[in-house]
Amino acid sequence: MFLSQNAKWNWIGNISFDEKIDRKDFVLCNENQIYQYFNDSKGLQYKGEKLAVEEEFQKIYKSENVKKENGWVRIRFVVNCNGESDRFRILTANYDYEPIEFDKNITSQLLNITKSLTGWIPKSVNGKKADYYQYLIFKIKDGKIDEILP
Amino acid sequence: MEKSTKYCLSFQLILVAFFTYGQSLNCNVFRLEGDSLKYKACEKATQTLKSFYQFDQRFHDGLSAAIKIAPNFDYPYKEQSVAYLKSGDFVSWKKLIDKSVELNPKGNLGYRGWCRYQFFRDYEGAIQDIEALEKIYPTGYLGYSVNGDYELRIAKALCYSAIGQKEKALSIIENQLAKKDHNVGLYDYYQLGVTYFELNKYDKALENFEKQSKVYDFAENIYFRSKVSKIRNKDYLDLKKAALIAYDDGKTMLEGYTHHFNKVYRKQITEL
């Protein structure tokens, strides 16, 4: 079953439009029905698979001038029905799952690279393209990207 | 008697794992035990699960009401944690799942351990949880991962492998596979084969990839057989081609939420 989130109710993890940080020209097919990336059981869908995402970060992310921090950084966002992304939000924690403030040199690089990814594959429901929430979690070890999830 | 009790408890563990994805608890258990508060909370929780999607605020409100009825009942905390887990909110998830483990370690340690591994690649944390569960059931059956792919000791072995303790991983998998009552999982021999491969033990690696092919052959397993052939200067191209065909047919390590340990992508097969 492909479950959607109707805006009539509040939903865990909803990302509402924020005019201070979000693009005004980022259009959703249906603001009232944003799915989760796993609702179709296909998981993360990117041109060249997740390997292509990992390769982008490997190529661009620089760990030389960042603090040797450890923990997780999650960047969650919306992929619209055209495969474009926006409404990026960051969550950070140490390995004890406690919120911490990460070195901006780490989070800003991760955010900028995430924003630059253009291979998101639109998902569809009953033959119609749908908008969905996606996230990337970066496991950071000594300031370097150790793993990328999901 | 003791053994049968352990198996009975293990069976309960498996049931708890299934409940996590929305199946109902039998609340009558609490009524029979004379715990009317847990019974009432259980009824409220299961009714909520039937009515709303995990991400719906009403789902969370219903479970909060169940917690209010019986604050020492682990189940509503665990169910509340799932939406946070699936949306990658490690902070909120951990608070809720910790509460459920605190209230019912036997029922929830294995689940938390698996989730730490699957969703956050928290290998050390997962090992800690599974080993804590083993202390409770030192010789008994621990149960399976939530997705059913791995017995929990094998899941623990994957974590040891990920942090570089390959020999330890091998020993755990071999011991588990040697048990008469072990049901061979979908990827057990593959993971064992890859671990041998990483230690350059190609005979043992191949032996296990071949065993795997009898259980379920898939692109990654064929890819590694091809790699062994290439290392030994034997013809590997037919296997490479077979791996690509299997991949394109969807016979690959699929995962709806995250990615499998030792997953191989199509591009990596083409580059062999």
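Here the structure is a predicted model, which is why all the values come from computation and not from measurement. (Residues numbered from 1 in each chain as written. Chains lettered and ligands numbered in written order. Predicted model: local features only at pLDDT ≥ 70, side-chain atom pairs only at ≥ 80, totals over all residues.)

The subject of this paragraph is the environment of proline 76 of chain B. Residue and element names in this part refer to chain B. Here proline 76 shows up in helix H5 (residues 74-86). Looking at proline 76, the number of C-beta atoms within 10 Å reads 29, which means it is buried. Leaving out residues up to four positions away in the same chain, proline 76 has contacts with Ala41, Ala45, Leu63, Ala66 and Ile67. (Helix = DSSP H or I, 4+ residues; strand = E, 2+ residues; numbered from the N terminus. Buried ≥ 20, exposed ≤ 12 C-beta atoms within 10 Å, placed from the backbone. Contact = placed C-beta atoms within 7 Å.)

With 27 residues of chain B at the interface, the matching set in chain A holds 30 residues. Within the residue set of the side of chain B that touches chain A, elements represented by two or more residues are helix H4 (57-69), H5, helix H6 (90-103), helix H7 (105-120) and helix H15 (266-270) of chain B. Looking at the side of chain B that touches chain A residue by residue, the class counts come to ten nonpolar, eight polar and nine charged. (Nonpolar A, V, L, I, M, F, W, Y, C, P; charged D, E, K, R; others polar.)

In this section: the packing of H5 of chain B against H6 of chain B. Residues and elements named next belong to chain B. Closest axis-to-axis distance for the H5/H6 pair is 8 Å, and the angle between their directions is 155 degrees. One way to sum up the angle between H5 and H6 is to call them roughly antiparallel. Once H5 is placed against H6, the crossing between them reads as left-handed. Along its contact with H5, which presents Asp74, Tyr77, Lys78, Gln80, Ser81, Tyr84 and Leu85, the element H6 presents Ser92, Trp93, Leu96, Ile97, Lys99, Ser100 and Leu103. For the contact of H5 with H6, the residue count by class is seven nonpolar, four polar and three charged. (Axes fitted to C-alpha atoms, helices over the stretch in contact; angles between N-to-C directions. Parallel < 35°, antiparallel > 145°, perpendicular 65-115°, else oblique. Left-handed = near helix turned anticlockwise from the far one by under 90°.)

In this section: the domain arrangement of chain B. All names here are of chain B. On domain assignment, one finds that chain B holds domain 1 (2-136) and domain 2 (152-270). With twelve residues of domain 1 in contact, the opposing surface of domain 2 contributes nine residues. Elements represented by at least two residues in the side of domain 1 that touches domain 2 include exactly H7 and helix H8 (123-136). Ranked by the residues each element gives to the side of domain 1 that touches domain 2, the list is headed by H8, at six residues. Residues that form the side of domain 1 that touches domain 2 fall into these classes: eight nonpolar, two polar and two charged. (Domains from an automatic or database assignment.)

It is worth spelling out the nonpolar core at this point. Within the largest apolar cluster, 102 residues are counted, with the highest numbers of intra-cluster contacts made by Trp72 and Val73 of chain A together with Ala155, Cys159 and Ala219 of chain B. When residues in this core are grouped by element, the largest group, eight residues, is from strand E5 (residues 128-141) of chain A. When residues of this core are sorted by domain, at least three fall in each of domain 1 (2-136) and domain 2 (152-270) of chain B. Not counting residues up to four positions away in its chain, the partners in contact with alanine 155 of chain B are Trp114, Tyr117, Ile130, Ser145 and Tyr150 of chain B. (Core = buried A, V, L, I, M, F, W, Y, C linked by C-beta atoms within 7 Å.)

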